[in-house]
Amino acid sequence: MNILLIGSGGREHALAWKLAQSPRCGALYAAPGNPGIAQHAELVPLDVDDHDAVVRFCLEKSIGLVVVGPEAPLVAGLADALGGFGISTFGPTAAGARLEGSKGFTKDLCAEAGIPTAAYQRFTDATAAKAYIHARGTPIVVKADGLAAGKGVTVAATTDEANAAIDACFAGDHGAAGAEVVVEECLVGEEASFFALTDSTTIVPLATAQDHKPVGEGDTGPNTGGMGAYSPAPVMTPDLVERTMAEVIRPTVETLKARGTPFSGVLYAGLMITDTGPKLIEYNVRFGDPETQPMMMRLDSDLVELLHATATGRLGTVPAPRWSDRAALSVVMATRGYPGAYEKGSVIRGIDAAEALDGVKVFQAGTALKNGELVANGGRVLNVTATGATIADAQARAYQAVDRIDWPEGFCRRDIGWRAV
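Residues numbered from 1 in each chain as written. Predicted model: local features only at pLDDT ≥ 70, side-chain atom pairs only at ≥ 80, totals over all residues. Heavy atoms only, no water.

Draft legend 1. Layout of helix α13 (residues 391–402). Between its first and last C-alpha, α13 extends 16 Å over 12 residues, near the 16 Å set by a 1.5 Å rise per residue. Where α13 is buried, its residues meet β15 (228–231), β18 (327–335), α12 (351–355), β19 (360–364) and β22 (380–388). (Helix = DSSP H or I, 4+ residues; strand = E, 2+ residues; numbered from the N terminus. Expected span 1.5 Å × (residues − 1). Contact = heavy atoms within 4.5 Å.)

Draft legend 2. View of helix α8 (residues 159–170). For α8, with 12 residues, the first-to-last C-alpha span of 17 Å sits near the 16 Å given by 1.5 Å per residue. Buried residues along α8 sit against α7 (126–136), β7 (140–144), β8 (153–156) and β9 (181–185). After α8 finishes, the residue Gly172 shows a positive phi value of roughly 95°.

Draft legend 3. Representation of the pairing of strand β14 (residues 220–223) in the model. Two elements, strand β13 (residues 214–216) and β14, share 2 bridges in a ladder whose sense is antiparallel. Its bridge partner being in β14, Pro214 is matched across the sheet by Asn223. Connecting β13 to the next strand, β14, in antiparallel fashion are 3 residues, including Gly218 with a positive phi near 75°. (Pairing = 2+ DSSP bridges.)

Draft legend 4. Fine view of the environment of Lys213. Turning to its location among the elements, Lys213 is positioned in the loop between β12 (210–211) and β13. Distance in space between the C-alpha atoms of Lys213 and Asn223 is 5.3 Å, their sequence separation being 10 residues. Residue contacts for Lys213: discarding those within four places in its chain leaves Pro222, Asn223, Thr224, Gly225, Gly226, Met227 and Tyr268. Here Asp211 takes part through its side chain, which lies 2.4 Å from a polar atom of the side chain of Lys213. (Polar contact = N/O pair within 3.5 Å; in protein donor to acceptor, adjacent residues only side chain to side chain.)

Here is the structure:
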């Protein structure tokens, strides 16, 4: 079948790489894509915000499946627009995408369904939020309610820090996303990422993974979109996987279905593994970035079959996904200055040398072609991904590959996977 992939990051490069391996994949298009994705798909200059244009393209090209990578088009209702024309889409409707589009919505759903999560309050004015912080004490977590590209969360160690985060939200630092805030208790434990496919009836857990959000080694410094990830995540034992399915994922799917807004797509639960078990930090309604990169390296099943079955309500009729016994680890190379201000346009060389190593794939995120050369075009730029018999082996190989890349303006953390290793 012909497939349209929406997105332009490292996650989408990993998805394109895996989709293109399927015997079920006919023509593969990507909008807008990037130079790495162009190795596997034909790039099309579609405005993803123009739903009518996307629908027209799908009808003209006989697209049998649309795979939506990032969250913003889902929150904006792209799946609804495509579904109105009978175009199968992997990703939830706007109603389902509210799980990521509004943190307050998700917290209220947790309260309704009895899903374990941090104690919280929602606020639309700074004075009330600051009074709550004063009463609760620190550490405490302040979150912009809406989509803030992974940057709307502050784990505040002091009241001053928490108040500054409140002021930043209501001053418009996160745009419309900060018009409402969620203030919640600071959970203690180890974070893990949990992914499950669902067509709203069948729920299938995927491989476990763990990412590193802070920019600095030892998980220090400001949060980013993610500086690296690995799979599997040893913290997610079989018992914890079953508890997460029973206590978090199933109640979410069942509650949304009972409300008349069934969820179809991938549920990505950010979890804190506490002394009392898994607690939900937040939901995303798309694959993780950079967790997708090591997960796709380990997936032995046909990705087209899995995503199409999810999109068409047939997930229960296809074989459960199979995963390699090997581990995979991805190191994000970012432009110096990220997650603060950074410059675009620096030249990147050495990807071929890195990929000459056995078991290494360099997925491209923020890249562009300029005068025939590959240049950095974003904050997170490359995802240097390797497999190995263990996470330690994968880590060693990934950093061996990183050291073959000639990009003086780039940097990375040198300790991705340290918890597992």
